[in-house]
Structure formats: C-alpha cells, structure tokens
Amino acid sequence: MSKPKIAIYKMSSCAGCQLEILNFEPMLLDLLGAVDLSYFVMAKRENEEGPYDIGLVEGAITCGEEISRLKKARQQCRMLVAFGSCACYGGLPSIKNWTSEREIEERVYPQPHLLESTTAYGIDHYVTVDAYLKGCPASREELLEFVKGVLLGIKPYLRPHSVCVECKLHENVCLFTSQGKVCMGPVTTAGCGALCPANNKPCEGCRGPANDANTESLARTFDEYGLHRSDVVRLFRKFAGMTPEFSRGAEVL
Amino acid sequence: MSVPVMKVTEMKWPALSLLDKDGIAEFAENLAERYLVFGPVAKGSEYVFAPVGKGEVLELNYHTTILPPKKLLHQPFEVLFSFHEDGIQENIVEQPKQIIFGIHPCDVHAIQILDKAYSVEYEDPYYMNKRKNTLIIALNCSEPAETCFCQSLGTGPFLKDGYDLLLTDIGEAYLVEVGSEAGMELVEAVNLRPAARVALVEKQKVYENARRKFRKRLLTQGLHELLESNFRHPIWEKLKEECLACGSCTMVCPTCFCYNVVDKLDLSLKSGKRTREWDSCMLLEYAQVALGHNFRKDRDARVKQRIYHKLLYYEPQFGTLGCVGCGRCIKTCVKKIDITDVVSRIRGE
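Residues numbered from 1 in each chain as written. Chains lettered and ligands numbered in written order. Predicted model: local features only at pLDDT ≥ 70, side-chain atom pairs only at ≥ 80, totals over all residues. Heavy atoms only, no water.

Quick notes on the overall build of chain B
- Check the secondary structure of chain B and you find 13 helices and 12 strands.
- The C-alpha atoms of chain B give 22 Å as radius of gyration, which agrees with the globular expectation for 349 residues (20 Å, within 12%).
- Expressed as lengths along the three principal axes of its C-alpha atoms, the size of chain B is roughly 65 × 60 × 40 Å.
- Here chain B, with 349 residues, has 57% of them falling under the buried criterion.
- For chain B, long-range pairs separated by at least 24 residues make up 73% of all intrachain contacts whose partners lie at least 6 apart in sequence.
- Accessible surface computed for chain B: about 15,900 Å², of which carbon and sulfur atoms make up 51%. (Helix = DSSP H or I, 4+ residues; strand = E, 2+ residues; numbered from the N terminus. Rg over C-alpha atoms; globule rule 2.2 N^0.38 Å. Buried < 20%, exposed > 50% of the residue type's maximum accessible area, 1.4 Å probe, protein only. Contact = heavy atoms within 4.5 Å. Areas by Shrake-Rupley, 256 points an atom, 1.4 Å probe, with all protein chains shown as cover.)

Brief notes about the environment of Thr 332 of chain B
- Relative to the elements of secondary structure, Thr 332 of chain B occurs in helix H12 (residues 328–332).
- Between the C-alpha atom of Thr 332 of chain B and that of Val 252 of chain B, which follows or precedes it by 80 residues, the distance is 7.8 Å.
- With sequence-adjacent residues up to four places away left out, Thr 332 of chain B is seen in contact with Lys 168 and Thr 177 of chain A together with Ser 248, Cys 249 and Val 252 of chain B.

Side note on the sheet that holds strand S9 (residues 173–178) of chain B
Residues and elements named next belong to chain B.
- What the 8 strands build is an open sheet, ordered S3-S2-S6-S7-S8-S9-S1-S10; its pairing is mixed. Taken across any chain shown, the strands that pair with only one partner, and hence form the sheet edges, are strand S3 (46–51) and strand S10 (193–194).
- Examined bridge by bridge, strand S2 (residues 36–43) and S3 share 6 bridges and lie antiparallel to one another. By the bridge assignment, Gly 39 is partnered in S3 with Ala 50.
- Where helix H3 (residues 105–117) meets the sheet, its contacts fall on strand S6 (98–103) and strand S7 (134–139), and the angle it forms with S6 comes to roughly 135°.
- Along the sheet, helix H7 (residues 199–211) makes contact with strand S1 (16–20), strand S8 (165–169) and S9, crossing S9 at roughly 105°. (Pairing = 2+ DSSP bridges. Axes fitted to C-alpha atoms, helices over the stretch in contact; angles between N-to-C directions.)

A short note on a negative patch on the surface
- A contiguous patch of negative charge, built from Asp 223 and Glu 224 of chain A together with Glu 237, Glu 241, Glu 242 and Asp 298 of chain B, is present on the exposed surface.
- Secondary-structure elements contributing two or more residues to the negative patch are helix H10 (215–224) of chain A together with helix H9 (235–242) of chain B.
- Ranked by the residues each element gives to the negative patch, the list is headed by H9 of chain B, at 3 residues.
- With respect to the helices and strands, the residue Glu 242 of chain B is situated in helix H9.
- On the accessibility criterion, Glu 242 of chain B (30% relative accessible area) is partly exposed. (Patch = residues over 30% accessible without salt bridge, like charges linked within 9 Å, V, L, I, M, F, W, Y side chains within 5 Å. Salt bridge = Lys/Arg side-chain N within 4 Å of Asp/Glu carboxyl O. Lys, Arg positive; Asp, Glu negative; His and termini not counted. Charge placed at Lys NZ, Arg CZ, Asp CG, Glu CD.)

A few points about the packing of aromatic side chains
All names here are of chain B.
- In total, this model carries 21 aromatic pairs over all chains according to the counting rule given.
- Judged by centre distance (5.9 Å) and plane angle (65°), the ring pair of Phe 27 and Phe 101 falls under edge-to-face. Placement of the pair is Phe 27 in helix H2 (residues 24–32) and Phe 101 in strand S6, with a sequence separation of 74 residues.
- Owing to a relative accessible area of 0%, Phe 101 belongs among the buried residues under this scheme.
- Between Phe 81 and Phe 83 the ring centres are 6.5 Å apart and the planes differ by 65°, which places this aromatic pair in the edge-to-face class.
- Phe 81 gets classed as buried once you look at its relative accessible area, which sits at 16%. (Phe/Tyr/Trp six-rings, centres within 6.5 Å; stacked < 30°, edge-to-face > 60°.)

What about the sheet that holds strand S5 (residues 87–90) of chain B?
Residues and elements named next belong to chain B.
- In space, the 4 strands of this open sheet follow the order S5-S4-S12-S11, with antiparallel pairing throughout. Each end of this open sheet is capped by a strand with a single partner; those strands are S5 and strand S11 (259–265). On average, each strand axis in the sheet is tilted by 25° relative to the strand beside it, whichever way the strands run.
- Alignment of strand S4 (residues 77–84) against S5, held across 4 bridges, turns out to be antiparallel. Among the inter-strand pairings, His 84 is bridged to a residue of S5, identified as Gly 87.

Quick notes on the domain arrangement of chain A
Residue and element names in this part refer to chain A.
- Domains assigned within chain A are domain 1 (5–152) and domain 2 (163–251).
- Computed from C-alpha coordinates alone, the two centres of domain 1 and domain 2 are separated by 25 Å.
- Listed per partner, the contact involves 17 residues of domain 1 and 14 residues of domain 2.
- It is Tyr 89, Trp 98 and Lys 134 in domain 1 that bury the most area against domain 2; as a group they hold 48% of the surface buried on that side.
- Summed over the shared surface of domain 1 and domain 2, the number is 1 salt bridge.
- In this structure, Arg 207 engages Glu 142 in a salt bridge whose closest nitrogen and oxygen atoms are separated by 2.8 Å.
- Where domain 1 touches domain 2, the interface holds 6 residue pairs in polar contact (both at pLDDT 80 or more).
- If you list the elements that add at least two residues to the side of domain 1 that touches domain 2, you get helix H4 (85–89) and strand S6 (117–121).
- Split by residue class, the side of domain 1 that touches domain 2 holds 7 nonpolar, 8 polar and 2 charged. (Domains from an automatic or database assignment. Buried area = accessible area lost by both parts, 1.4 Å probe. Polar contact = N/O pair within 3.5 Å; in protein donor to acceptor, adjacent residues only side chain to side chain. Nonpolar A, V, L, I, M, F, W, Y, C, P; charged D, E, K, R; others polar.)

Right, here's the structure in full:
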C-alpha cells in the first residue's frame, strides 16, 4: 500500500503516549519514510484534513465534547486505534469513577459548573476499535509492530500473556516471591519488557489484564500478604478498573 | 539408588584430584582464557548463570538459579536467520567452546533430556551446535534447598555420569573427578593436588548427609496409573481457581523445550530476522489456532497438561520422566502451587 496517513487525536490524557512518537528520535525519520503523520497537532503547525488511514486516539473519554470528537474521528479513519491505556480502558482518569462526579469536579476545579464531565471510559465504549496498544505510556515498539502489520496486511505480534513471562525471559529477580513485594505482573499484559520489575519496582498493572488473568486469586494472595482491602481495590483500579478482570480483582475481598 | 562410590571404581579415568577452595577463582580464570565460562553468580538475592572471569565472583554455594543453564543451549531469545529480498542468511555460526561451571546434577539430567528432545526426531541445529561445544563441570549438591526433590527422581543430589569434570565439596577442598577425555585435558592444564582414595570416603559422607536434608519428595511408584486414573480428580478444579496462568513455572523449567517463532521485520519491510523465544503451554494463546479456536482454553486443562507432560507423557517420548526435581517451579510460584503436593493430594495423602 502507499504511505498510510496517520492522525493523532488527544482526549483526556497527559499527552505522554503521543510524546512517545517523538521519542522515537533516531528512528523517527525511518518511520516518516513509511507513514505520513498527517494530523499531529502536538508536533506540527500545518495539519492535513482527513480522511486518514490510521487514527491513534490517546486518552480516556470524560465529557460530551470528547464523545462527539471521537465519533468524528471514527468517521475520518479507516482504522481506529486505542493508543495507550487511557484510550483502552479509561486509564488513570478512570480512578474517579468510584466517586460521585460532583465531588470530583469540586475537588479539582474552582468553577465546576463549567464542566460536563462523564464517567471515564475507554474509547470502545462509544465506537468500534480496530486495535489496542496498551501501556502507560503506550510502547513505541508495539506501535512500530502495529504499523508494520498494517503495511503488510497481517496481524501484528503483540504479547498477550503476563509480565511474568518477560521478567523470566530477562531473568529478573522476582520481587514477589524473592522480596515479598506485591506485584501486578502475574495478571498484567506484557509488552513493556517488564520495565518496572527490571528496575526493582513492582508492576503497577498499567497495561491492563493479560490473557486469562486470574485476578480474584491474585487479590486473595495480596490479602495473605497483609494488604488492606482498600489497597487491593486501589491496585486493581489504578489503570484498568473498568475492565471486567480487574474489576473482579477489586471486588473479590 | 546405587551409591556413587561404587561407580567411581569402574571409571575409565581413575585419577582423583583436589582443588583448594581458594584456588577456585584462579581455576575459573584459567579456563576463561580458553573457553567461555558460565557459572553461578549473585543477582540481588538470587543467582544466575553468567560469564565468569575477572571480577565476577563464582558462588558455588548457590542453591539454585532463576533460569536453568538450559538458557546457554536453548536461549530465551535467538535469531534463526536473517532474510532480505535476495534470500536468507543462516545464523548458525562457529560456536565458541563454552563451559558450564558448577551445574547441579538436576540440571545436568535436564540437559540430557533436552539432548533427546532436540535430536530424536529432528535435529535442532541451533541447540546441537551449542551443545557439542559445551563442557560440563558439574557440582554435586551438599545442601539441597527447601524446594528440591531430585532425590525422589534419581537425578540428584549426586551425579553418576554426564559430566566432563565433577566437583564435590568435601570440606577443605573440592574433590575433582574426571568423566571424559575433554575433562582430563582440563585437569592436565592446571596443577591440581592428587587426592588419596580416602577422599571418596569423605565424598560418601557428604552424600549421606545431603540425602538426609530433603524436605520434599515425589513418590514415583505407580505414578502412571495414578495420573491416568485421576484425569477428573477434583484437585484440577481447585488448581483452576488458584493458578494465575502467569506462565512462570514453565519459564523457569529446565526441561521445557517449547518455543514460538516470531518474524521481526525492519521498517523497510524488505529485510528482517526470524527469531524464536521460549513459549509455554500454561499460556492461553499457546493452543490457539487459526480462526481463534483454542484446544486448551480452560486453565485447569493447562495446569493438568503441564503436570501430565512432565510426569506421564515424557516417558513414552524420551524414556524418562520430564521432571528432574530442581524445585524452580515451586519456588517461583506466587500461589505456591507445588507439583509434589499435587501428586500427594491425588494419592490422598
């Protein structure tokens, strides 16, 4: 196929996922040889009108204005991608979903009556999504695999299994069994290269549930390790509390 | 189980020597001048097999390593070949000679199983290329860890064969026994003290002492019939609830040989590499085929497959059990799922 046109949309997010595209640095020119970044407001002054081949949507959907922009993006793009955990599951913004909208608005903004905030959802709550690139931030390597897959017309290889697999492949010391630190790795999707455990920090679950994630069983182990129920709830609701798997983990105790 | 001392008297290389403990580093450095030497070194609170030479401290008192030394023969990630528009380029290169130093008997037995798995039907050139250039300096176990049960399977704590050199900690020094021509050459290249035959008595004492320290066992008697008749035992349903399906148990297993093949393309889409990496039957995607059907969708089916493969299905394939009792799967399991305990529970103990 000819060079696909890519559009990058920002919803409720910290812009960290789109920054990852700029962080390609040495590879950015190669990437630009393969695709056109047609609409990328963060990086370009001149942006092209749609339609586009691929839309990367960053951020959770948390208000009416975003819902209409998202629906327009869906119409403009042949493939729509949830780019990063906020767009996949609601991500960090979804931590507000278990407190009343009004209380949250008043806590954050001096004039909350100007807001129309809604429950934070991933984009597939409103539109059909063709691919999910998980992570906080999304992984550059996985974005490249996805782009190559689109160019070839094949399904990209994105790891569906737990972070434990990558920890073992890199022979990291297991923080859970060797150091007694609670870690979300056993139920969280790999693809990050087990970045946090490799740096001696337990997995926080930012990439959401792995294949066949047994979150109830892990929550029971957290309990045995002495975590308070509220801490277990926070662990499961930090990034992907809106998914059925992490939701079960948060509620089992 | 026959006593190792009896075996030694029949050996082709009767020379026994002693290696002083403070001479170990020098011995390893000497070897490292001619070979790639891998031995147990500390990584945080654990141990790993890593290159040994100047600076790295060999930790021969290690209990076990995170990954088995299998990783030196069947690597976690490996490039099989490169490809480009004009063809392919094989990646089977001249392999430098390597030594696995301080490998425990369980892991030597595991390598013997891999040797069969990678050569019986189809020879795996990547594995065999490394294997035939590998020397084994084994170390008998005098301090089995809490999770060890090699004694039940006849794969430890002492080794009978399958080594080039065999070390036993007999107190003030290591007793060195030779198991091959190549091992003889290694010994001749350095000055070791000759050992009196009485050292074998010391070795026997260490063996008897080690034997008494096992806290786990896996009774193999009638194991086939037991497993075959308990395919629907209620324990599988319990394990389904417990198991996290994280795959750690298989990732650290010294006899697991499955791998996945992944093509890594360059962005030009004109060249790339075909790679392989360790795969695991504990993972949901393992038994998924085209159009999405999955032959082992249920977690209990996968837990059962792992245990049945090790304890039941290996034997007709390779003439030996698939478990060597290294205990890594027990140690690594967040849920403390223990293969010896599973068997005991099925036995109704």
